[in-house]
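Here is what each chain is made of, one letter per residue.
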Amino acid sequence: MHPQHQIEFVKLQVFNQRQPYYNAYRQLIVSADAAFNHTTHALADFAVPGYYIDPELHKKNSVGLQSDAFDAYACALAYHISDGQSKYANQSIRFLTAWADLNTKYSDFDGSLVMAYSGTAMVMAGELLLNYDGWSPASKMKYLKWVQTVYLKASNEIRLRKNNWADWGRLGSILSAHLLENSTEIAENIRLVKSDLFHKIAADGHMPEETTRGTNGIWYTYFSLAPITATCWVAYQSTGENLFTNYRQGNSSIKQALDYLYYYNLHPNEWSWFVNPNKGSPTSWPGNLLEVMSTLYGDNRYSDYVKSSRPLIYRTHHFAWTFPTLMTVQLGSYQ
């Protein structure tokens, strides 16, 4: 998720106190410092009932992983951007170790889904710290075993579904495959994305599996595009294959779907799928997604939508584009 050339680019911007990177870095450090005072919340059995079955218990049982995953990720990233302050790496490992030591399974209706979309940050954190000398070999191996036997299992279990479940499963799977150096599984996840991308994205850009979700159709469109784009980013960094601009079918493309989301989030009264749908904001979703896609596609409309809300952090629930202002994404070399 964070190749070395991206990290070096961001560190240079922070060193030169260039905005908005410098304020975004300071925001990251505030989050990382706060993690020092947070307890861990690992569960032996990560049991999460369906959201539409028992929303309160769903949220209660999910929030522990989400809190720990964000803290692990924030601290791991702070370790790199702060130029190697080991206190941040050690804090990140504290959260990773808690889950690796205790958690052995997930269960109930949404256990695999929430593990997949919240646990992404646990994998990103581990990737960032894989070469950290302060991580004991035994602890690291236990963490990698947890990724293999719990997190990856959950991701692969849902990656063949038709809707956003598959998108989160594929993101979790390709992140894990890169961490575990499994080039076969990296290729398989890329194949899966390509196999049904134009079932997921119609010619006008709407996403048939998501737009029909009633009042939350705009949200679910975002919730599908976030992991799809993140998977494509990992694929690009892993193999050089560019699904962002080089993969389309007629008018259907990832950019077309992003434009659809952008437009109807601004004009929900024109949304034909449901009257008065819920819409997002530049400070939250889809602001985080449009922030990163603004630099990747060079689309000033996306940038204009979020610029007054910078720096952005998306710190809850799911983790694809969590630090979008700080960790800018670009195709080709960073400039």
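Rules and cut-offs
Residues numbered from 1 in each chain as written. Predicted model: local features only at pLDDT ≥ 70, side-chain atom pairs only at ≥ 80, totals over all residues. Heavy atoms only, no water. Salt bridge = Lys/Arg side-chain N within 4 Å of Asp/Glu carboxyl O. Helix = DSSP H or I, 4+ residues; strand = E, 2+ residues; numbered from the N terminus. Buried < 20%, exposed > 50% of the residue type's maximum accessible area, 1.4 Å probe, protein only. Phe/Tyr/Trp six-rings, centres within 6.5 Å; stacked < 30°, edge-to-face > 60°. Lys NZ or Arg CZ within 6 Å of the ring centre and 35° of its normal. Expected span 1.5 Å × (residues − 1). Contact = heavy atoms within 4.5 Å.

Asker: I'm lost on the pattern of salt bridges in this one. Help?
Answerer: Two side chains of opposite charge can pair, provided their charged atoms sit close to one another. A complete count under the given rule lists 17 salt bridges for this structure. Across the pair lysine 194 and glutamate 241 runs a salt bridge whose closest N-O atoms are separated by 2.8 Å. One end of the pair, lysine 194, is in helix H8 (residues 183-200); the other, glutamate 241, is in the loop between helix H10 (217-239) and helix H11 (254-266), with 47 residues separating them in the sequence. Overall, glutamate 241 belongs to the partly exposed group, its relative accessible area being 29%. Each of Lys255, Asp259, Asp299 and Arg301 takes part in salt bridges that share partners, so that together they form one network.

Asker: Got a minute to help me understand the packing of aromatic side chains in this structure?
Answerer: The geometry of an aromatic ring pair comes down to the distance between the two centres and the angle between the two planes. As enumerated under the stated definition, the model contains 31 aromatic pairs in all. A centroid spacing of 6.1 Å and a plane angle of 80° characterise the contact between phenylalanine 109 and tryptophan 165, whose relative ring orientation is edge-to-face. Within this pair, whereas phenylalanine 109 is found in the loop between strand E2 (105-107) and helix H5 (111-129), its partner tryptophan 165 is found in helix H7 (residues 164-179), the two being separated by 56 residues in sequence. Overall, tryptophan 165 belongs to the buried group, its relative accessible area being 10%. Relative to tyrosine 305, the ring of tyrosine 262 lies with its centre 6.3 Å away and its plane at 85°, an arrangement referred to as edge-to-face. Of the two residues, tyrosine 262 sits in helix H11 while tyrosine 305 sits in helix H13 (residues 300-306), which places them 43 residues apart along the sequence. Judged on exposure class, the residue tyrosine 262 and its partner tyrosine 305 are both buried. These aromatic residues form a ring-pair network of at least three members: Tyr117, Trp168, Trp219, Tyr220, Tyr222, Phe223, Trp285 and Tyr314. Directly above the aromatic system of phenylalanine 95 lies the positively charged group of arginine 94, at a separation of 4.5 Å from the ring centroid.

Asker: I would appreciate a short explanation of helix H4 (residues 86-102) in the present structure.
Answerer: An α-helix turns once every 3.6 residues. As a result, residues three or four positions apart point the same way. Spanning 17 residues, H4 covers 24 Å between terminal C-alpha atoms, matching the ideal 24 Å at 1.5 Å per step. Restricting attention to buried positions, one finds in H4 the residues Tyr88, Ala89, Gln91, Ser92, Ile93, Phe95, Leu96, Thr97, Ala98, Trp99 and Ala100. Contact partners of the buried residues in H4: helix H2 (21-35), strand E1 (45-47), helix H3 (55-81), H5 and helix H6 (137-158).

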